[in-house]
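# Analysis of the macromolecular model
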Amino acid sequence: MNEFNLETYKKRIFKTISKYKLVEPKDKIFIGLSGGKDSGCALFFISQYLKTYKVDAEIFAFHIKLGDFIPEKVIETVKKQTEICEIELKIYDIKNYGIDYEKISKLTRPLCSSCGTIKRYLMNKISREEGATKLCTGHHGDDFIVFFMKNIIGKNIDWITKFTPYLEGKGKQLTRIRPLFFGSGEENKNFLNSIGFPYISEDICPHSLLKQKFDKRREKWYRVINQISEWQPNFKIYFLEGIIEIAKNLKEQKEPFECEVCGEPTNKRICGFCKLIKTQKDAQ
Ligand SMILES: [Zn+2]
């Protein structure tokens, strides 16, 4: 494993932000914070970038509260993260959008995937309704390499067009920016530890057995790409640059449909979120 260097990492992330024009003057950049290291790191770098280069853009941070089981220290951590970056924080509770987490957790469909559907849906909807020009996420390079391989295996080639640091919005789907595209989870952790930036490191999911199974599989994928990195210099960077090239050369994705129930963007007739609401109701 290469030794971690704070400045080199910052330079790499700043280079991604400038090369792919992730931030521009007059932008209203929304970022969803979970309290974890990756979204915290994305917030830190974007806000530092705006300050360093005096970009006339704004950042708005929000947290999607999944339920009352979420420990108070998650909210406290998210608050601290935004205070350090001098950014305002808003909290949205999924209860106000018709979701009952307890009910969702008892459904037969996999909970981790329901949770992902809820967060993706609300992050786009909330940000768009609040006037965002871009939605920033904490996805990092290891995520994209694994997504890429999984999509090759699943033959979902069209999805690969989404794996870029800057993904142009279509219809009601906001433009998404990923400043950590050339970063990794491990480097995010090292970076935040070195500067003493707070984040939640432990598992806060009440269904952690389920989540652990999901995480363990992901860890196995990460392990493989880290093993290759040990003998192939710059493996991840070159692989990610390759993914960007493939994404550029693939046919562009069509504009999404609008969900027949809620009007939010989807690639089906009815979006995943509305299907989840219906399953929750039917189960009562
Ligand atoms: Zn819908």
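Everything in this summary refers to the structure shown in the same document. Please read all numbers here as calculations on a predicted model, not as lab measurements.

### Focus on the coordination of the zinc ion
Here the zinc ion is held by the protein donor atoms Cys259 (SG), Cys262 (SG), Cys271 (SG) and Cys274 (SG), which lie 2.2 to 2.3 Å from it. Coordination at the zinc ion is tetrahedral, judged from the four donor atoms that bind it and the angles of 106 to 114 degrees they form at the metal. Within one chain, the residues serving as donors to the zinc ion are arranged as C-x2-C-x8-C-x2-C. With a relative accessible area of 3%, Cys271 lands in the buried category.

### Things to note about the sheet that holds strand E5 (residues 166-167)
The strands making up a sheet associate through hydrogen bonds between their backbones, and the pairing can be parallel or antiparallel. Overall, mixed pairing links the six strands, which are arranged E3-E2-E1-E4-E6-E5 in an open sheet. With partners counted over all chains shown, the strands left at the sheet margins are strand E3 (89-93) and E5, one partner each. Against the sheet, helix H2 (residues 37-52) touches strand E1 (28-32), strand E2 (58-65), strand E4 (134-136) and strand E6 (175-177), its axis set at about 160 degrees to E1. Each of E1, E2, E3 and E4 is contacted by helix H5 (residues 111-129), which is oriented at about 140 degrees to E2, the strand it contacts most.

### Notes on helix H10 (residues 272-282)
Among the residues of H10, Phe273, Cys274, Leu276, Ile277 and Gln280 are the ones counted as buried. Buried residues along H10 cover an arc of 155 degrees about the axis, so they all sit on one side. Across from the buried face of H10, at angles greater than 90 degrees, the exposed residues are Lys278 and Asp282. Where H10 is buried, its residues contact helix H4 (101-106) and H5.

### Regarding the pattern of salt bridges
Scanning the model with the defined rule gives 21 salt bridges in all. A salt bridge links Asp100 to Lys103, with the shortest nitrogen-to-oxygen separation between them at 3.8 Å. Overall, Asp100 belongs to the partly exposed group, its relative accessible area being 29%. Residue Arg269 pairs with Glu260 through a salt bridge whose shortest N-O separation is 2.7 Å. Salt bridges here are not isolated pairs; linked through shared partners, they connect Lys125, Arg128, Glu129 and Glu264.

### A word on the packing of aromatic side chains
Enumeration over the complete set of coordinates arrives at 24 aromatic pairs. Their ring planes at 40 degrees and their centres at 4.6 Å tell us that Phe45 and Phe191 sit as a pair that is tilted. Separated by 146 residues along the polypeptide, Phe45 in helix H2 and Phe191 in helix H7 (residues 185-195) bring together distant segments of the chain. You'll find Phe45 and Phe191 in the same group, each marked buried. A ring pair is formed by Phe144 and Phe181, whose centres lie 4.7 Å apart and whose planes are at 35 degrees; its orientation type is tilted. Here Phe144, found in helix H6 (residues 141-153), pairs with Phe181, found in the loop between E6 and H7; they are 37 residues apart in sequence, far enough to count as distant.

Cut-offs applied
- Residues numbered from 1 in each chain as written.
- Predicted model: local features only at pLDDT ≥ 70, side-chain atom pairs only at ≥ 80, totals over all residues.
- Heavy atoms only, no water.
- Donors = N, O, S within 2.8 Å, 3.2 Å for Na, K, Ca; no water.
- Tetrahedral: all angles 85-135°; square planar, octahedral: opposite > 155°, others 65-115°.
- Buried < 20%, exposed > 50% of the residue type's maximum accessible area, 1.4 Å probe, protein only.
- Pairing = 2+ DSSP bridges.
- Helix = DSSP H or I, 4+ residues; strand = E, 2+ residues; numbered from the N terminus.
- Contact = heavy atoms within 4.5 Å.
- Axes fitted to C-alpha atoms, helices over the stretch in contact; angles between N-to-C directions.
- Arc of directions from axis to C-beta.
- Salt bridge = Lys/Arg side-chain N within 4 Å of Asp/Glu carboxyl O.
- Phe/Tyr/Trp six-rings, centres within 6.5 Å; stacked < 30°, edge-to-face > 60°.

Such coordinate-based values are descriptive only and should not be taken to indicate function.
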